[in-house]
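Here is what each chain is made of, one letter per residue.
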Amino acid sequence: MWINHVFLGFIGLACGLSVACGSFALAVKLGVIPQMAGKSKTAGHIMAYENATILGGIAGNIISVFTGIRFPAGHVFLALFGLSAGIFVGCMAVALAEIIDAYPIMYRRMKLKIGMEWMVATIAVGKMCGCLFYFIRGFDSGA
């Protein structure tokens, strides 16, 4: 009986490590962390960015695997976590779009010369509104 638990534990660990490696490889290939440090002019704190990303990945894996763990931090922590997760997903999406040159092509086709920062801000606000609508209505109400 215990051999089944050991085998399943090993398979789960191997699969989790492969998914985590793929996620972090994508982040490294896109250059999200150095790009954020360069754009925000905080390149001296690159190690803090990398450590926060690694610790966030580890914490996310632990929380998703051990669902019985309760973290009594309240709504303030939940709001901070949601904000941090949203910023991370937004940075990944913008980095991916920048790598494939989606925004420059769109701006060129729209003949947009000024107001590019307003266009990016509008996209971000639209994504935020869509996410809020999705979470307020519930996860499974659309299916």
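Quick caveat: nothing in here was measured; it's all calculated off a predicted structure. Along each chain, residue indices are assigned from 1 in the same order as the chain's sequence is written. With the structure being a predicted model, the display of local features is reserved for residues of pLDDT at least 70 and the display and counting of side-chain atom pairs for 80 or more, all residues being used for whole-chain, interface and lining totals. Just so you know, side-chain values use all the structure's heavy atoms and leave hydrogens and water out.

**Brief notes about a nonpolar patch on the surface**
Next up, step 1: Patch members must show over 30% relative accessible area and no salt bridge, and they are joined within 9 Å when carrying like charges or within 5 Å when they are nonpolar side chains of Val, Leu, Ile, Met, Phe, Trp or Tyr. Only the protein chains shown count as covering a residue, and every accessible area follows the Shrake-Rupley method with a 1.4 Å probe. One speaks of a salt bridge when a side-chain nitrogen belonging to Lys or Arg is within 4 Å of a carboxyl oxygen belonging to Asp or Glu. Taken together, I54, L55, I58, I62, V65, F66 and I69 make up a surface patch of nonpolar side chains, about 690 Å² in accessible area.
Next up, step 2: Relative to the helices and strands, I58 resides in helix α3 (residues 46-65).
Next up, step 3: Three exposure classes are used, based on accessible area relative to the maximum for each residue type with a 1.4 Å probe and protein chains only: buried under 20%, partly exposed in between, and exposed over 50%. On the basis of relative accessible area, I58 is assigned to the partly exposed category, the value being 44%. Only DSSP runs of H or I with at least four residues qualify as helices, and only runs of E with at least two residues qualify as strands; both kinds are numbered from the N terminus onward.

**Some words on the nonpolar core**
Next up, step 1: Counting residues in hydrophobic clusters, the biggest one holds 5 residues: A27, L30, V32, M92 and A95.
Next up, step 2: For this core, the secondary structure elements donating two or more residues are α1 (2-30) and α4 (74-99).
Next up, step 3: In what follows, residue pairs with any heavy atoms lying within 4.5 Å of each other are defined as contacts. Setting aside its immediate chain neighbours within four residues, V32 contacts A27, C91, M92 and A95. Nonpolar cores are built from buried Ala, Val, Leu, Ile, Met, Phe, Trp, Tyr and Cys residues. Side-chain atoms within 4.5 Å join them into one set.

**Considerations on the environment of F88**
Next up, step 1: Inspection of the secondary structure puts F88 in helix α4.
Next up, step 2: Using a relative accessible area of 44% as the deciding quantity, one classes F88 as partly exposed.

**Things to note about helix α2 (residues 32-39)**
Next up, step 1: Three or more residues of α2 are buried, namely V32, I33 and A37. Seen end-on, α2 carries its buried residues on one side only, within an arc spanning 130°. In α2, the exposed positions angled more than 90 degrees off the buried face are occupied by P34 and K39.
Next up, step 2: Two residues or fewer after α2 comes K41, characterised by a positive phi angle close to 60°. The arc in question is the one spanned by the directions pointing from the helix axis to the C-beta atoms.

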